[in-house]
Amino acid sequence: MPGEEQKRSTSPTGDSAHKKIGFFQDLNWRLEAVAFAGLFGLLRALGVERASGFGGKLLRTLGPLTGTHRTVTRNLRIAFPDMDAAERDRLAIDQWEQTGRTFAEMAVMDRLTPSSGRIDLVGFERLHAIRDSGRPVVFASGHLANFEIMASAILAAGVPCQVTYRAANNPYVEVQIRQSRARYGIKLFAPKGDGTRELMAGMKRGELVALLVDQKYDQGPEVEFFGQPVNASPGAARLALKFGTVIQPLSVVRLPGVRFRVTAHEPITVPDTGDKAADVLAGVQAVNRFVEDRVREHPVDWFWVHKRWPAKVYAAMKASET
């Protein structure tokens, strides 16, 4: 790497990135990528069950010691204010194990496909009908259990699908994550956001799109989630309305023995009254209500480490703690 800085016309991920990257920043990224590759190699050598168990035990031990644990406990208080405090505390610990298992399983996702016998499929006649119809459809879900399993199931059903994602900050690690996903079939990616140019272009080509709709999105409309206001991505509702199609919700539940159940639920129809803003809002509320219902059914499976609610909700929670 000559000089103190290098100017990259193309990032390691293959994307255009006309920005200067410092020598030491690039060196740090490369060292992180080596460590990441070593961890993935170890997890793959352990095999599915031992890798999953290792990740679960690791975060079950370390997670509660981090500052993020306070976010977890506050999220649980917001979502389940009437839950017994001791039960919430147990849930806060248990969800760390689920999160650790999910991250560890990323290294062995090619061994967690429907053909592995570890995934039960429910309602997948809906996906087969979608595949055979050739119509564009928007898949939507939340960060439930191992959410990568849903993409694996969609692809196994023969449905060409773009998956939205947030790229890793480290571009060399991002390459490895993409390669890991490619091992079980994900090859079509679109930057995370509200679903615009890349997603629409893909749908016009006959590719379906899959979005996780349960993370904070400040530019989105305000809807209700667990009785509190949240700003949510309108991408799924906008795309469904634009292409005159439905939102096909999916869910995944973790079962004993590193097994999963993926369910294709009743489709969500976004109203088309001519009032676009109101119709999109109704669609956004519907998909967030779907996610809330799934979280209530299996709360340990959700990604509680994320600050889902706006700052004002957390401020009120913090004030109540003093």
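Our structure's up above, just so we're on the same page.
Computed from a predicted model, the values in this text were never measured in an experiment. (Residues numbered from 1 in each chain as written. Predicted model: local features only at pLDDT ≥ 70, side-chain atom pairs only at ≥ 80, totals over all residues. Heavy atoms only, no water.)

A.B. asks: Would you mind showing me how to read a nonpolar patch on the surface here?
C.D. replies: Residues Leu39, Leu42, Phe54, Leu58, Leu62 and Leu65 make up a contiguous nonpolar surface patch of about 550 Å² in total accessible area. Mapped onto the nonpolar patch, the elements with two or more residues apiece are α1 (23–46) and α2 (48–62). For the nonpolar patch, the leading source of residues is α2, giving three residues. With respect to the secondary-structure elements, Leu58 resides in helix α2. Residue classification places Leu58 among the partly exposed residues on the basis of a relative accessible area of 40%. (Patch = residues over 30% accessible without salt bridge, like charges linked within 9 Å, V, L, I, M, F, W, Y side chains within 5 Å. Areas by Shrake-Rupley, 256 points an atom, 1.4 Å probe, with all protein chains shown as cover. Salt bridge = Lys/Arg side-chain N within 4 Å of Asp/Glu carboxyl O. Helix = DSSP H or I, 4+ residues; strand = E, 2+ residues; numbered from the N terminus. Buried < 20%, exposed > 50% of the residue type's maximum accessible area, 1.4 Å probe, protein only.)

A.B. asks: Even after reading the chapter, I still don't get the packing of aromatic side chains, so can you show me in this structure?
C.D. replies: Geometry of an aromatic ring pair is reported as the spacing of the ring centres plus the angle between the planes. One pass over the full model with this rule turns up 12 aromatic pairs. Measuring from centroid to centroid gives 6.4 Å for Phe147 and Phe303, while their planes differ by 80°, and the two rings are edge-to-face. Of this pair, Phe147 sits in the loop between β4 (138–141) and α6 (148–156) while Phe303 sits in the loop between α10 (276–297) and α11 (311–321), and the two are 156 residues apart along the sequence. Relative accessible area serves as the criterion here: at 18%, Phe303 is assigned to the buried category. Through successive ring pairs, a cluster of aromatic residues spans Phe80, Phe225, Phe226, Trp302, Trp304 and Trp309. (Phe/Tyr/Trp six-rings, centres within 6.5 Å; stacked < 30°, edge-to-face > 60°.)

A.B. asks: I keep staring at the packing of helix α9 (residues 235–242) against α10 and nothing clicks. Help me out?
C.D. replies: Between α9 and α10, the least distance of the axes is 8 Å, while the angle of their chain directions is 125°. On the basis of the axis angle, α9 is oblique to α10. Helix-helix and strand crossings are classified by hand; for α9 and α10 the assignment is right-handed. Along its contact with α9, which presents Ala237, Arg238 and Leu241, the element α10 presents Lys276, Asp279, Val280, Gly283 and Val284. Here the contact of α9 with α10 is built from residues that sort into four nonpolar, one polar and three charged. (Axes fitted to C-alpha atoms, helices over the stretch in contact; angles between N-to-C directions. Parallel < 35°, antiparallel > 145°, perpendicular 65-115°, else oblique. Left-handed = near helix turned anticlockwise from the far one by under 90°. Contact = heavy atoms within 4.5 Å. Nonpolar A, V, L, I, M, F, W, Y, C, P; charged D, E, K, R; others polar.)

A.B. asks: Sorry, what's going on with the pairing of strand β5 (residues 161–165) here?
C.D. replies: Remember that side chains alternate between the two faces of the sheet whenever the strand is regular. Buried residues dominate β5, accounting for five of its five residues. Of the two faces of β5, the one holding Cys161, Val163 and Tyr165 and the one holding Gln162 and Thr164 are both buried throughout. Relative to strand β7 (residues 208–212), β5 runs parallel, the two sharing three bridges. By the bridge assignment for β7, Gln162 is matched with Val209. (Pairing = 2+ DSSP bridges.)

A.B. asks: What exactly am I supposed to notice about the pattern of salt bridges here?
C.D. replies: Close approach of charged atoms allows side chains with opposite charge to pair. If you walk through the whole model with that rule in mind, you get 16 salt bridges. Here Arg60 makes a salt bridge to Asp94, at a shortest N to O gap of 3.0 Å. Taken together, the positions of Arg60 in helix α2 and Asp94 in helix α4 (residues 85–105) put the pair 34 residues apart, joining distant regions of the chain. We classify Asp94 as partly exposed; its relative accessible area is 29%. A single salt-bridge network, built from bridges that share partners, covers Arg60, Asp94, Glu97 and Arg101.

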